[in-house]
Amino acid sequence: PPTKKSRLSKGVNMYACQNCTPLHHFNSRLTDALEILEQHAFFRLDQNAESRALAFRRGSATLKACPHKITSVDSLKNLPYIDTSNSSKAGHCKKVITEILEEGFSDEVEDIVNSDFYKTMKLFCGIWGVGPSTAKKWFDSGHRHLNDIKNLKLNKDQTVGLEYYEDLNTPVSKDEALCVSEIVKTVCMEIKKDLLVTLVGGFRRGKPAGHDVDLLISHPTQGEEKHVLPKVMEKLKDNFLYTDKKMSSGTTHPQYTGKSSTMDQFEKCFSIFKLDLPKSTKNGNEKPWKAIRVDLIVVPTDQYPFALLGWTGTKHFEREIRRYTKTEKKVVLTSHGMYTTDTKQSIEAKTEEEIFKKLDLEFRPPSERCC
Ligand code: DGT
Ligand code: MG
């Protein structure tokens, strides 16, 4: 079982993967503020940007897991990553939460939201293929509008990201995601009738809208998934506005995959999909389709439960379950599998439930991983 240290009072645990974090919770006013601070820290790219951003995200995750509305500073006591007696880094979270509870707003958050820097960074980071470092470079050169960017040297992703900026920054509805999923399923069935297409990411957690559609493609027989992706892409070529295929490195054993927790070695395709809109949503001057970001990830069946867990998110949930696993269990968990850190012994699992069980974690269905 988790060590005593990792279990704190009020039912909120230290590792977000131990908590029940539903999509709808009681403290969104506070978590919205902390997530603005998180994003701002991430945008600034200064020395401790990452750990500062993480401190805000951890505070936010704690509040999301609170089974009640926080209405007083007193009730922050013992909350992980917020109560200062547990960590010095929690001080900033507590200060902002206190301001909002007592004044109704936080000057710091208001100043950030209204700043040229934050608004511009959000605008530029909304371009597919643009991260904070490129956005900041443009900001520092004096650029403030999308029009300023059009004549700069852009890579392929950024060029299409800019071209479809409006569509790609309009949330993808659950219906649209299901539509894309059905189209992909249909062509997969034509290739091999047992191919399995699974909608993962935020939609699997129950989000009503998202920024993209994440689909796992697998086959119940090991090896039958090989060579499928090029065929899927060929059959869908009229549905794609853009594709960026990533080859599998071939070394998908968890021991040999990269260090980064967000990268994996599956064969995959990052694409922009052209989804025809139903007649009822078309109006006269609008184009009859919508550009949607779609990721197709091909997963061998023996790694499927790990890929399912890894691609269901949230990003913070993934970071936390890997941190818990490494610290508390001395096990490395990736989207490919898990193994013990000392003897490098692989630990098998056939389902997500089995992964949680082998890690001595209470099972959290996708709808409770919204941290
Ligand atoms: P969204 O799309 O904004 O509504 O929210 P999500 O949760 O679907 O976020 P998304 O699509 O960025 O990522 C879904 C999950 O998949 C997330 O937990 C992280 C994981 N993921 C995303 N990209 C990669 C990747 O390149 N490699 C790996 N291993 N995982 C990834
Ligand atoms: Mg997604």
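Residues numbered from 1 in each chain as written. Chains lettered and ligands numbered in written order. Predicted model: local features only at pLDDT ≥ 70, side-chain atom pairs only at ≥ 80, totals over all residues. Heavy atoms only, no water.

A.B. asks: Any chance you could break down the overall build of the protein chain for me, citing the residues and the numbers?
C.D. replies: A count of helical and extended segments in the protein chain gives 15 helices and ten strands. Across its three principal directions, the C-alpha atoms of the protein chain cover 60 × 55 × 40 Å. Residues counted as buried form 49% of the 371 residues belonging to the protein chain. Within the protein chain, counting contacts between residues at least 6 apart in sequence, those at least 24 apart form 65% of the total. For the protein chain, the exposed surface amounts to about 18600 Å²; the carbon and sulfur share of it is 52%. The positive charge centre, built from 57 side chains, and the negative charge centre, built from 50, are 3 Å apart in the protein chain. (Helix = DSSP H or I, 4+ residues; strand = E, 2+ residues; numbered from the N terminus. Buried < 20%, exposed > 50% of the residue type's maximum accessible area, 1.4 Å probe, protein only. Contact = heavy atoms within 4.5 Å. Areas by Shrake-Rupley, 256 points an atom, 1.4 Å probe, with all protein chains shown as cover. Lys, Arg positive; Asp, Glu negative; His and termini not counted. Charge placed at Lys NZ, Arg CZ, Asp CG, Glu CD.)

A.B. asks: Which residues make up empty space enclosed by the protein, and what are the values?
C.D. replies: In total, this model carries one cavity of 30 Å³ or more according to the counting rule given. Lining the largest cavity are N13, M14, A16, N19, R58, A61, T62, Y81, H316 and E320. Elements with a minimum of two residues in the lining of the largest cavity: α2 (49-65) and α14 (315-329). In terms of residue count, the dominant contributor to the lining of the largest cavity is α2 (three residues). (1 Å grid on protein atoms, 1.4 Å probe; cavity = no way out; pocket = protein on both sides within 12 Å on 5 of 7 lines; lining within 4 Å. Points joined across faces, edges and corners; volume = space filled by probe spheres on them.)

A.B. asks: Could you give an account of the domain arrangement of the protein chain, with specific residues and numbers?
C.D. replies: Examined at the domain level, the protein chain breaks down into domain 1 (4-113), domain 2 (117-163), domain 3 (172-308) and domain 4 (313-368). Computed from C-alpha coordinates alone, the two centres of domain 1 and domain 4 are separated by 24 Å. Taken residue by residue, the interface counts 16 residues in domain 1 and 13 residues in domain 4. Surface buried jointly by domain 1 and domain 4 totals about 1300 Å² across both partners, of which 55% is contributed by carbon and sulfur atoms. Looking only at domain 1, the three residues that lose the most surface to domain 4 are Y15, C17 and R58, adding up to 45% of its buried area. In this assembly, domain 1 and domain 4 are joined by one salt bridge. Residues E320 and R58 are paired through a salt bridge, measuring 3.7 Å at the closest nitrogen-oxygen approach. Connecting domain 1 to domain 4 are six residue pairs in polar contact (both at pLDDT 80 or more). Of the residues belonging to the side of domain 1 that touches domain 4, the class tally is ten nonpolar, four polar and two charged. (Domains from an automatic or database assignment. Buried area = accessible area lost by both parts, 1.4 Å probe. Salt bridge = Lys/Arg side-chain N within 4 Å of Asp/Glu carboxyl O. Polar contact = N/O pair within 3.5 Å; in protein donor to acceptor, adjacent residues only side chain to side chain. Nonpolar A, V, L, I, M, F, W, Y, C, P; charged D, E, K, R; others polar.)

A.B. asks: I'd love a proper account of the environment of M247, names of residues and values included.
C.D. replies: Along the chain, M247 falls in the loop between β5 (240-246) and β6 (267-276). Apart from residues no more than four positions distant in its own chain, M247 is found in contact with F266 and E267.

A.B. asks: Explain a negative patch on the surface residue by residue, including any values.
C.D. replies: Taken together, the side chains of E102, E103, D107, E110 and D111 present a region of like negative charge at the surface. For the negative patch, the elements supplying multiple residues, two or more each, are α3 (90-103) and α4 (107-114). Per-element tally for the negative patch: the top contributor is α4, with three residues. Mapped onto the fold, E110 is located in helix α4. (Patch = residues over 30% accessible without salt bridge, like charges linked within 9 Å, V, L, I, M, F, W, Y side chains within 5 Å.)

A.B. asks: Got a sec to walk through the coordination of the magnesium ion (ligand 2)? Specific residues and values, please.
C.D. replies: Coordination sphere of the magnesium ion (ligand 2), protein contribution only: D212 (OD) and D214 (OD), at 2.0 to 2.2 Å. Here D212 and D214 have matching classes, each one buried. (Donors = N, O, S within 2.8 Å, 3.2 Å for Na, K, Ca; no water.)

A.B. asks: Any chance you could break down the sheet that holds strand β8 (residues 331-333) for me, citing the residues and the numbers?
C.D. replies: Across the sheet, three strands lie side by side as β8-β9-β10; this open sheet has antiparallel pairing. Two strands in the sheet have a free side with no partner beyond their single neighbour: β8 and β10 (346-347). Strand direction decides the pairing type here: β8 and strand β9 (residues 338-340), joined by three bridges, are antiparallel. Each bridged residue has a counterpart across the sheet, and for L333 the counterpart in β9 is M338. (Pairing = 2+ DSSP bridges.)

A.B. asks: Kindly report on the sheet that holds β6, identifying the contributing residues and their values.
C.D. replies: Read from one edge of the open sheet, five strands run β2-β4-β7-β6-β5, paired in mixed fashion. Of all the strands in the sheet, just β2 (196-199) and β5 have a single pairing partner and so form its edges. Strand-to-strand, the axes of this sheet are offset by a mean angle of 25 degrees, without reference to chain direction. Its contacts with the sheet place helix α13 (residues 304-312) against β2, β4 (213-218), β6 and β7 (289-298), and it is angled at close to 180 degrees to β4. (Axes fitted to C-alpha atoms, helices over the stretch in contact; angles between N-to-C directions.)

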